[in-house]
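# Observations on the three-dimensional arrangement
Given next are the chains, with one letter for each unit.
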Amino acid sequence: MAATPSFDVHVVVHTHWDREWYHPVGRFRQQLVELVDALLDNPSASGASFLLDGQSIVLADYLDVRPERRDTITAALRSGTIEAGPWLVLADELTPSGEALVRNLLAGKRDLQLLGTSAPPVLYSPDAFGHPAALPLLAREFGFPLIVLWRGLGGEHWPSSDLFRWTAPDGSAALVYHLPRAGYELGANLPADRDAASRYWSAVRAELAGRAKTSILLLTNGADHHAPQHDLDEALDVLRDAAKPDRIQRNSLSRFASEIVRAAASAALPEIAGELRDSYGYSWSLQGTFGTRAALKRRNAIVERALVRDAEPWSALARLACGRSRGMHTRAAWRSLLLSHPHDTLCGCSIDDVAHAAGLRQQDALVQATGIRDDALLDLVGHDRVAARVDAAAWRPIVLVRNRAARTRGGVGEIELSVFRSHVRVGPGSTPSSSGYASLGAPCLDGGRVPLQLQLESWRIVHERTESPERYPHDDLVHRARALAWLPPVPGYTTLSLPLDSGPTTAEAPRAVRASGATMENEHLRIEISDAGAVRIVSRLAGQWIDDALTWDDVGDAGDLYTHSSVALSERRATFIGATPTQSGPLRATIEVAWRIEVAGSGPLELNAAISLDAGAEFLRVRAWGENSARDHRLRIRFASGISDAEVYADAMFGPVERRPIIVTDAVAAVERPPLTAPLHRYVTVSGAKRGVTIFSDGLAEYEAMQGGSIAVTVVRAVGELSRNDVPERPGHAGWPEPTPDAQSLGPWEASFAIMLHAARTPECIDQIERAADDALLPLEGFTLRSARAIYAPSPGAELHGTGLAFSTLKESEDGEWIVARCINLTDDFVPGLWRFRAPIREARLARLDETSGESLAVAGGEIAFDAPPRAVVTVLVR
């Protein structure tokens, strides 16, 4: 009979610190200070380690209150008696973009470096509600050989194991240590009684040993917001005796990581790939949060785009061209946003006070991003704010157009016009003068040579300040309005200056959109809205069409912030009210369509959609809005594809992934039923054998791929409890019961989408979808710079070339020495790529995501060629 194997059991003492959840951050910080004070004042006699979770923010929060203890904290970190990191915050991993997760790790690394230390060699994520398919790539590129996680893995669809080899779409692999069913709480409150310890170890050993692939086991002693167990030393002594011949040792996460990595090198491990969103029957997966507090998630996506696609690239190009760094400002803006990324915060499963604070941080980050962008643009075009402020007589108003895509493009752009009305004095002597206002002449661009579509009904009078670092602002009243312009081709990440004149616009758009009644069309698409409100889309090029392309559904929701629960199997359908043409072209045609849903016990839901078609566009725009007057329900907009039995591909971290429904047995579903919904980044594609349809979203984060090929996107999910224990889809409390009346989302809501009909999914089609995502979410934009003193030359820019290569980032490096240019190969093919900068480049190197430089790349003027393997993320450092 074979001898029973013995194990080396590493006890890691820790706390899992939700920065905000059922309390706001300020209250939890008070408890954190008491915890860390106790750790510093009463260190373990053996010098054993305590893990302050996988995030550095706990250190920053502590030092905000106790700055005088910085040296003591530093000493504890350096000695290993306290461990923290590698993340800044333990974020939700399925809602943020890949670049946001990279910024999270960079910020955590920076915090720890400032304290003279580094994180354990572990990508530690003990409580995220699932994990993206590309997480092994993130681990490898930041130098972490081990990932420790819990939710999303385990149950009937996975091998029974505590160790896995997890492979990302690009082939990157990482070792995963999977926490047991009880997660990071398995070793909480160890018994100090011998008999109790024997019973405890017998049960725990059976679970751990049954999954063990090596002789190394992890026992985490701690739980949410727990201080060290007061009788821990006694409990460990008792456990050592009870566990023999197994060996119990208190250790650090770092030491456990080195031991398990060494042991795993010679072990036969199961191989896994793809997203980890399925731990049904093992631990709660909690995949119902993507529609919770939908407005918060949408705002997060908008701010992320403002940082990744506007603030950082223009700041980087200004550094390249002018030498002025704004890296400290972009890092500060990111920090404001990242503090709203913890899983309980961004997932929306926290009290209302937490959601309010997150919204304020998001708005603050957006203000910072906008300021960084505007200042960098002025540097790039050579605008001197000091000189302009004192020489208003020399002003020549221009519209400064920017292309925030890494490729040349032209066509319809969205611009903001500002036309002078009168000067406004502020302070002493600011009594209004009797002089009249300047009359509003018809504005035109470039002497009327740029076709315009003015939206005259949107003209409004506002104050506009012209600022300078040396003087008070100059304030004017101006007429301001949004307008559309047919713009010439603008190179990637380049500006174009167009003089703003008065006079008629004589030019005509070369490819106008035509509208008549409830029909509009361009050379690619024809849109028809029937008398019954059915929207029909016909693709001229693809030879396909969709009938009844846009509908609504609404259903009662008896769930909580974690889990949707339908209280009615029948959906409340919308009644068509009417359609009204509001723009007839030539650059954009729009028809506004209205519906109503009757909800018992509340006023009707009034639903609106502005369906727009632009000149030259291959996709249809849909701006939806309404007023939510009902509680406890879920409202969705449904986009038809007309493709049944199709494959579904959804944009995700560093490239799209194929998604299929998660089906479990009745026994597993009784514990937690998988929702049919899934996380939504920028788009989801329904692809058949010959044709496909892609739906783009500007930030709403939950979709469902329905039978028949429709995609339903959640626009409002209204519930009023943080956690309930009577949800049939998930019996039991997932969090602490607390009312959340603001999560009923009463009041106005809005969202923007685009619909594109295309061919079946091929590398060329993937490239087309990515370009359309840029055009739909990041159109050419311009604003009026009234204090310009010249028609500025186009600014130095950057372009990315290669079919199927998607722009990921253009930013200043963390050390300020380089510009980081990153792209993603979205295809399964090898792709030769090229970065082209409109500025001389003297050096280029390949790099990891953590910006560690690698081999040199050849540079020819401003061009850098590189190779992109299938699904690879390629980071290049340039200077």
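These lines cover the structure that appears in this document, whether it is placed above or below.

Within the open sheet, the four strands sit side by side as β39-β42-β46-β45. Their pairing is antiparallel. In this open sheet, the two strands that pair with only one neighbour each are β39 (798-801) and β45 (859-860). In this structure, strand β42 (residues 831-837) lies alongside strand β46 (residues 863-868), joined through six bridges in antiparallel fashion. Among the inter-strand pairings, P832 is bridged to a residue of β46, identified as D867.

A word on empty space enclosed by the protein. Summed over all chains, the structure comprises eight cavities of 30 Å³ or more. Looking at the largest cavity, its volume works out to about 550 Å³. Along the walls of the largest cavity sit 35 residues, with S97, E304, D651, H681 and R682 positioned nearest its centre. With seven residues, the single largest contributor to the lining of the largest cavity is helix α9 (residues 294-322). The class makeup of the residues in the lining of the largest cavity is 16 nonpolar, nine polar and ten charged. As a volume, the second largest cavity reaches approximately 100 Å³. Lining the second largest cavity are 13 residues, with R103, E312, R331, K811 and E814 sitting closest to its centre. Mapped onto the lining of the second largest cavity, the elements with two or more residues apiece are α4 (98-114), α10 (327-338) and β40 (805-812). Here the lining of the second largest cavity is built from residues that sort into three nonpolar, three polar and seven charged.

Attention now moves to the packing of α10 against helix α12 (residues 352-381). Relative orientation of the contacting elements α10 and α12 amounts to 160°, with a least axis distance of 8 Å. With respect to each other, α10 and α12 are oriented roughly antiparallel. Considering only the axes of α10 and α12, their crossing is left-handed. Residue-level inspection shows H329, T330, A332, A333, S336 and L337 of α10 in contact with α12, the latter providing R361, Q362, D364, A365, Q368, A369 and I372.

This part covers the pairing of strand β27 (residues 605-614). The buried count for β27 comes to eight of ten residues, which makes it a mostly enclosed element. Relative to β27, strand β26 (residues 588-597) runs antiparallel, the two being bridged by ten bridges. When the sheet's bridge partners are listed, I597 is paired in β27 with L605. One ladder, built from seven bridges, connects β27 with strand β28 (residues 619-628); its direction is antiparallel. The residue of β28 that forms the bridge with I611 is V622. A loop of four residues connects β27 with β28, the two strands running antiparallel in sequence, and G616 in this loop sits at a positive phi of about 80°.

Turning our attention to the packing of aromatic side chains. According to the stated counting rule, one finds 15 aromatic pairs in the structure shown. Ring geometry for W835 and F837: centres 6.1 Å apart, planes at 25°, overall stacked. You'll find W835 and F837 in the same group, each marked buried. Put simply, the rings of W17, W21, Y22, F28 and W736 touch in pairs and so form one group of aromatic residues. Over the aromatic face of Y649 sits the side chain of R761, whose NZ or CZ is 3.9 Å from the ring centroid. Of note, R879 hangs over the ring of W818, and the distance from its end group to the ring centre comes to 3.7 Å.

What counts, and where the lines are drawn
- Residues numbered from 1 in each chain as written.
- Predicted model: local features only at pLDDT ≥ 70, side-chain atom pairs only at ≥ 80, totals over all residues.
- Heavy atoms only, no water.
- Pairing = 2+ DSSP bridges.
- Helix = DSSP H or I, 4+ residues; strand = E, 2+ residues; numbered from the N terminus.
- 1 Å grid on protein atoms, 1.4 Å probe; cavity = no way out; pocket = protein on both sides within 12 Å on 5 of 7 lines; lining within 4 Å.
- Points joined across faces, edges and corners; volume = space filled by probe spheres on them.
- Nonpolar A, V, L, I, M, F, W, Y, C, P; charged D, E, K, R; others polar.
- Axes fitted to C-alpha atoms, helices over the stretch in contact; angles between N-to-C directions.
- Parallel < 35°, antiparallel > 145°, perpendicular 65-115°, else oblique.
- Left-handed = near helix turned anticlockwise from the far one by under 90°.
- Contact = heavy atoms within 4.5 Å.
- Buried < 20%, exposed > 50% of the residue type's maximum accessible area, 1.4 Å probe, protein only.
- Phe/Tyr/Trp six-rings, centres within 6.5 Å; stacked < 30°, edge-to-face > 60°.
- Lys NZ or Arg CZ within 6 Å of the ring centre and 35° of its normal.

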